[in-house]
Amino acid sequence: MNLNEIIRGRRSVRAYEDRSVPEEVIKELIDLGIQAPSASRMQPWSFVVVEDKELMREWSDRTKELLLSQMDDNAYLKPYQAMMENKKFNIFHKAPCLLLIYGDPISPAFVVDCSLAAQNIMLAAFDQGLGSCWIGFAVHIGDTPEMKHRLGVPDSYRLVAPLVLGYPRGQWPRIERREPIIFNWPK
Ligand SMILES: Cc1cc2nc3c(=O)[nH]c(=O)nc-3n(C[C@H](O)[C@H](O)[C@H](O)COP(=O)(O)O)c2cc1C
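Every chain begins its residue count from 1, and numbering advances along the sequence as written. Side-chain atom pairs in this predicted model are given and counted only at pLDDT of 80 or more, local residue features only at pLDDT of at least 70, and totals for whole chains, interfaces and linings cover all residues.

(A) Spotlight on the packing of helix α2 (residues 23-33) against helix α5 (residues 110-127). Whenever a helix is involved, its axis is fitted only over the stretch in contact; in every case the axis is a line through C-alpha atoms, and angles between N-to-C directions fall within 0 to 180 degrees. For the purposes of this entry, the term helix denotes a DSSP run of H or I that reaches at least four residues, the term strand denotes a run of E that reaches at least two, and both are numbered from the N terminus. Interhelical geometry of α2 versus α5 gives an angle of 135° and a closest axis separation of 8 Å. With respect to their mutual orientation, α2 and α5 come out oblique. Between α2 and α5 lies a crossing of right-handed hand. Note on element contacts: α5 touches α2 through A117, N120, I121, A124 and A125, opposite L29, L32 and G33. Class assignment of the residues belonging to the contact of α2 with α5 gives a composition of six nonpolar, two polar and no charged. Our angle categories are set so that under 35 degrees counts as roughly parallel, over 145 as roughly antiparallel, 65 to 115 as roughly perpendicular, and the remainder as oblique. In this scheme the crossing of two helices becomes right-handed for a clockwise turn of the near helix relative to the far one and left-handed for an anticlockwise turn of less than a right angle. Residue pairs are scored as contacts if the distance between their C-beta atoms, which are placed from the backbone, is within 7 Å. As a working rule, the residues Ala, Val, Leu, Ile, Met, Phe, Trp, Tyr, Cys and Pro are called nonpolar, Asp, Glu, Lys and Arg charged, and the rest polar, with Gly in that last group.

Below, the structure is given as structure tokens:
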């Protein structure tokens, strides 16, 4: 695949085969992630890899409970209510691997830099026959002092990009993009 095909072909994958991603592949993806640019060359990213299914299940259950408790105060969450009430729904889509990118706020651009690394990883994963999905819902629990302590992450770090990875089950439809708005193009 060339880069154009990789960029156009990547999809958020929400069903995975029950087989783990080899450790060398995960390490290679992290290495490709850190080739991203970073403001002032600060490289404020650090990583956690979770392959513990029980931990992911607990994290998912706690997230659903938390988000359900916030439904009434947050209109953004309403469309997700039925999903969060569904006992079978797992916010990590039962993926075998959760790759977390934590950023060091010592860099004012840590969110941007970690997001650039995340995009490298999602594109590289697709190139290697893997599916990925950014799981924004995971930030609520992943950024708590308790979870950071459990994962060995310094308290000052912030969770930017929780990415699931695995071998995709099924085909994933393309989400149509609206025409880009180009406000101006002075020449
Ligand atoms: C910041 C961010 C948070 C996201 N959070 C979730 C999430 O919690 N669960 C999920 O299934 N998809 C999540 N997604 C994936 C988007 O829904 C997906 O990128 C979008 O629908 C476009 O589909 P595509 O990635 O296949 O092009 C997230 C994406 C981004 C960039």
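There's plenty left to go through after this.
(B) Examining the nonpolar core more closely. L98, L99, I101, I121, V164 and L165 are the most contacted members of the largest nonpolar core, which totals 45 residues. Of all the secondary-structure elements, those providing two or more residues to this core are α2, β1 (45-50), α3 (53-70), β2 (97-103), α5 and β4 (158-166). A total of 11 residues in this core trace back to one element, the largest contributor, which is α5. Among all residues touching L98, those that are not within four sequence positions of it are V50, M56, F92, P162 and V164. The nonpolar core criterion groups buried Ala, Val, Leu, Ile, Met, Phe, Trp, Tyr and Cys residues into a set whenever they are joined through C-beta atoms within 7 Å. Exposure classification rests on a simple neighbour count of other C-beta atoms within 10 Å of a residue's own: a residue reaching 20 or more is buried, one at 12 or fewer is exposed, and one in between is partly exposed. C-beta atoms are placed from the backbone.

(C) Region of interest: unusual backbone geometry. One non-glycine residue, H93, lies in the positive phi region at around 55°. Relative to the helices and strands, H93 resides in the loop between α4 (81-85) and β2. Positive phi values are uncommon outside glycine, yet K94 reaches one of about 55°. Within the secondary structure, K94 sits in the loop between α4 and β2.

(D) Geometry of the sheet that holds β1. If DSSP finds at least two bridges between two strands, the strands pair. Strand order in the open sheet formed by four strands is β1-β2-β4-β3, with antiparallel pairing between adjacent strands. On the outer flanks of this sheet lie β1 and β3 (131-134), each paired with one strand and no other. When strand polarity is set aside, the average angle formed by the axes of neighbouring strands in this sheet is 25°. When β1 meets β2, the two strands line up antiparallel, connected through six bridges. Residue pairing for β2: V48 is matched across the bridge by L100. Sitting on the sheet, α5 touches β1, β2, β3 and β4, and the angle it makes with β4 is about 5°.

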